[in-house]
Amino acid sequence: MNSQVTAEDQLARFEERVARGEKVEPGDWMPDEYRKSLIRMIGQHAHSEIVGQLPEGKWIPYAPGFRRKLTLIAKVQDEAGHGQLLYRAAETLGKSREEMLEELLAGKAKYANVFNYPTPSWADVGVIGWLVDMAAVVNQTMLQQTSFGPYARAMKRICYEESFHIKQGYDLVATLAKGTPEQKAMVQGAIDRWWYPTLMMSGPPDNLSAHTLQSLKWRIKTKTNEQVRQEYVDLIVPQIRALGLTIPDRDLKYDEKSEHWSYTQPDWEELKRVVNGDGPMNKERLAVRRKAHEDGRWVREALAAKRKEVAA
Amino acid sequence: MSTSDGIPTQALETLLLALADDELMLGHRNAEWTGYAPLIEEDIAFSNIAQDELGHSLAWFTLYQQLSNKKPDSLAFEREWSDYTCCRFVTYPKGDFAYTVVRQYLFDEAEQVRLRAFSLSPYEPIRDVSAKILREEAYHLMHSQGLIERLGDATEESHRRMQAALNDAFPQALGMFEALEGEDELISSGIFGGNAKLRDEWLGRVQPVLENATLLIPGAPADFGGRKRNHVEYLQQLVDDLQSVYKIAPGAKW
C-alpha cells in the first residue's frame, strides 16, 4: 500500500482540481459537505421540474387551438424529462429517486418557490414559459460551469430545451399583446402577477455568507444571486417594454453608468413566508403530487413485482 | 356526390371526421395524465402519445379540409358538442391508470387494423396519411401491449384493477366499430372493408393478448351511439374544457 493520504491532503487536492476547472465525477473523492450540497441542490432542482409541471399543466385541457395545445403538452412533458434526468444525476451521489420523492411529499425538501403562485389565466402559460424559463436559463447557464460533471451535462441539455420554451412563451405573450383588448388585459395581468415572483427566483440578496463563499470556492455555483438576477433583469426588461407591456415597478430605470437596469427588490419577507410553506399554492401543489403518487403506487408496485419475476 | 375517380365524397368526409374526432378526444384525455402519471416514465409516455393522437387528428382534419374547406382549428374548437362523431369510447373520463392503459391498448389495436386497411385504399391522400401514422402507432402498441402484459397478472391489485378496467372498456371499445353513415359506399369504392370486418380482425388480435395477461373478455353488448352523434354527457364537459379559452375570442389569434 502507498503511504496514507490524509484527509487534509485529499481536500487540498480536490480544491486544486476544482480551481483548475476540472469536473468532479460520481466515483471521485469529494468532501461530504460537497456531496450533501449537491444532492440537496440537484434534488431541489428535480422537484422543481416535477412540481413545475402543475401550474402550466392545469391549462392543457383548455389550450386554444391545435398548435398551442401540442406545444404546451410538449413543454410540460419536457419538464418531466428534466426531472427524470436530474433525479438520475442526483442518484449518482447515492440517494434514490424514491427517497427524494418521499422527502418532497413529506414537505421536507424544497422546490422552486415560484411554483407556489397560482395560474388563474391562460396568459400565465406564456408568461411562465417566457419569464420563469428565462430566469431559470440564466441560472442554469451559470450552472453549466458547475464543478460536478453529471449536473453540468444535465444543464447543457436542459438549457437547450428551455430555449425553445422561452421562444414559445414569448410567441404566446406577443400574440396576446397584439390581440383583442381582452387578450391584452389578460397578458398584462399575468406580467403584473409574475414580475416579482420571477425576481425572487435567483434567491435572496447575497450577504456573502460562509455558505455562499463555500459554494463559490468549490465552483458549485460560479455567480452570486445578485449577479444572476441582474442578468435576468437586463435581458427581459427591454423585451417586455418592446411589446408595449408595462412592468409593475415605477423605479425601474436604465443606469447609463453601470449599463444595468436598476429595479425595486422584491419583498424578501414574502419569499421567506412562501418558502416556509405559507404561499398561495404550497398546500395545493403538494396535495396534488401526493395524490398522484398514492394513486400510482399500485402501478409502481406491480411493475417492480414483474421485474422481480422476470429476473428470477 | 363523388370525386372524379369514383370516391364517394360525402361518405369519405364522414369517415375523416370520425377518425379526426376519435383522435382529438383520446389525445385530450391522455394529456390529462401530464403531470399526474404513476411514474415519470409514464408521464412522458402518455404525454407523447397524447401529442401523437392530436397530431393524427390534425392530419385527418387537414384531409377533411381539402374536401370541405373548413379549418382544423375551427372544426376542433368551434363545433357544438353534439356535432362530433367520435365513438363514445374515447370520451369517457381517464379513470384510473388501469382504465387508461386498457383503453389505449384496445384503441391502438383498432388503429392497426383500420390504418392497415386504409393503406391499401385507392384514395391516395388517405393511403399516405395512414402509412405515416402507422409508423408512430407501432410504438404506441408496443407500449400499451407491454403494460397489459406486465400489469395484467403482476399483483392481486393490478389484476383486479385491470380486469375491472376491461369490464368497462371492452363493450365501449366495440363502439369504435359502429357503422358509419354511407359506409356501404366506402366499401363498394374499396376505401376499406367496413367496420364489421375491422372488428373481427381486431378481435383476432386482442383476444390472445388479453388471455395471455389472464384477463377475461366480458360479454356485454357494444356501446354504440357516438357515430350517430348520440353521446354521453362526458363529451359535453370535455368539449367545454377544450373550447373554453378559444371561445373567449373566437376567430382571434391565440
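Conventions and cut-offs
- Throughout this description, residue numbers start from 1 for each chain and increase along the sequence as written.
- Whichever chain is written first becomes A and whichever ligand is written first becomes 1, with later ones labelled in order.
- Whole-chain, interface and lining totals are the exception, using all residues; otherwise, since this is a predicted model, local features are given only for residues with pLDDT of at least 70 and side-chain atom pairs are given and counted only at 80 or more.
- Working from all heavy atoms in the structure, the side-chain values ignore hydrogens and water.
- A run of H or I in DSSP counts as a helix once it spans at least four residues, and a run of E counts as a strand once it spans at least two, with each numbered from the N terminus.
- Here the globule rule is a power law, 2.2 Å times the number of residues to the power 0.38, and the radius of gyration is based on C-alpha atoms.
- Working definition: with a 1.4 Å probe on protein chains only, accessible area under 20% of the residue-type maximum means buried, over 50% means exposed, and in between means partly exposed.
- Each accessible area is a Shrake-Rupley estimate made with a 1.4 Å probe; only the visible protein chains count as cover when residues are assessed.
- We treat Lys and Arg as the positive residues and Asp and Glu as the negative residues; His and chain ends play no part in the count.
- Think of each charge as sitting on NZ of Lys, CZ of Arg, CG of Asp or CD of Glu.
- Whether two residues are in contact is decided by their heavy atoms, any of which lying within 4.5 Å being enough.
- Buried area is understood as the total, over both parts, of accessible area removed when two parts are fitted together, assessed with a 1.4 Å probe.
- Salt bridges are counted wherever a side-chain nitrogen of Lys or Arg sits within 4 Å of a carboxyl oxygen of Asp or Glu.
- Distance and chemistry together define a polar contact, namely a pair of N or O atoms within 3.5 Å, with one atom able to donate a hydrogen and the other to accept it when in protein, and with adjacent residues in sequence counting only for side-chain atoms on both sides.
- Under the convention adopted here, Pro, Cys and the residues Ala, Val, Leu, Ile, Met, Phe, Trp and Tyr are nonpolar, Asp, Glu, Lys and Arg are charged, and Gly plus all remaining residues are polar.

Draft legend 1. Quick peek at the overall build of chain A. When you go through chain A residue by residue, the secondary structure sums to 13 helices and two strands. Relative to the 2.2 N^0.38 estimate, which gives 20 Å for 312 residues, the radius of gyration of chain A is 21 Å and therefore close to what a compact globule would have. Structurally, chain A occupies a C-alpha span of about 75 × 60 × 35 Å along its principal axes. Taken across its 312 residues, chain A has 54% of its residues classed as buried. Accessible surface for chain A amounts to roughly 14500 Å². Of this, 53% is attributable to carbon and sulfur atoms. Positive and negative side-chain charges of chain A, numbering 45 and 43 respectively, have mean locations separated by a distance of 3 Å.

Draft legend 2. Quick look at the environment of A:Leu85. All names here are of chain A. Mapped onto the elements of the fold, Leu85 is located in helix H4 (residues 66-91). Judged by relative accessible area, Leu85 falls into the buried class, the value being 17%. C-alpha of Leu85 to C-alpha of Lys223: the two residues are 138 residues apart in sequence and 24 Å apart in space. Leaving out residues up to four positions away in the same chain, Leu85 has contacts with Ala154, Arg157 and Ile158.

Draft legend 3. Highlighting the interface of chain A and chain B. Facing 43 residues of chain A, the contacting portion of chain B comprises 48 residues. Taken together, the two surfaces of chain A and chain B that pack against each other cover about 3800 Å², and 70% of this comes from carbon and sulfur. Three residues, A:Phe66, A:Gln77 and A:Trp298, lead the burial of chain A against chain B; their summed loss comes to 22% of the area buried on that side. With a shortest N-O distance of 2.6 Å, B:Glu41 and A:Arg97 are connected by a salt bridge. Between the two partners, chain A and chain B, sit 13 residue pairs in polar contact (both at pLDDT 80 or more). Among the secondary structure elements, those contributing two or more residues to the side of chain A that touches chain B are helix H3 (53-57), H4, helix H7 (149-177), helix H8 (181-200), helix H12 (282-295) and helix H13 (297-311) of chain A. At 13 residues, the largest contribution of residues to the side of chain A that touches chain B is made by H4(A). A per-class count over the side of chain A that touches chain B returns 25 nonpolar, ten polar and eight charged.

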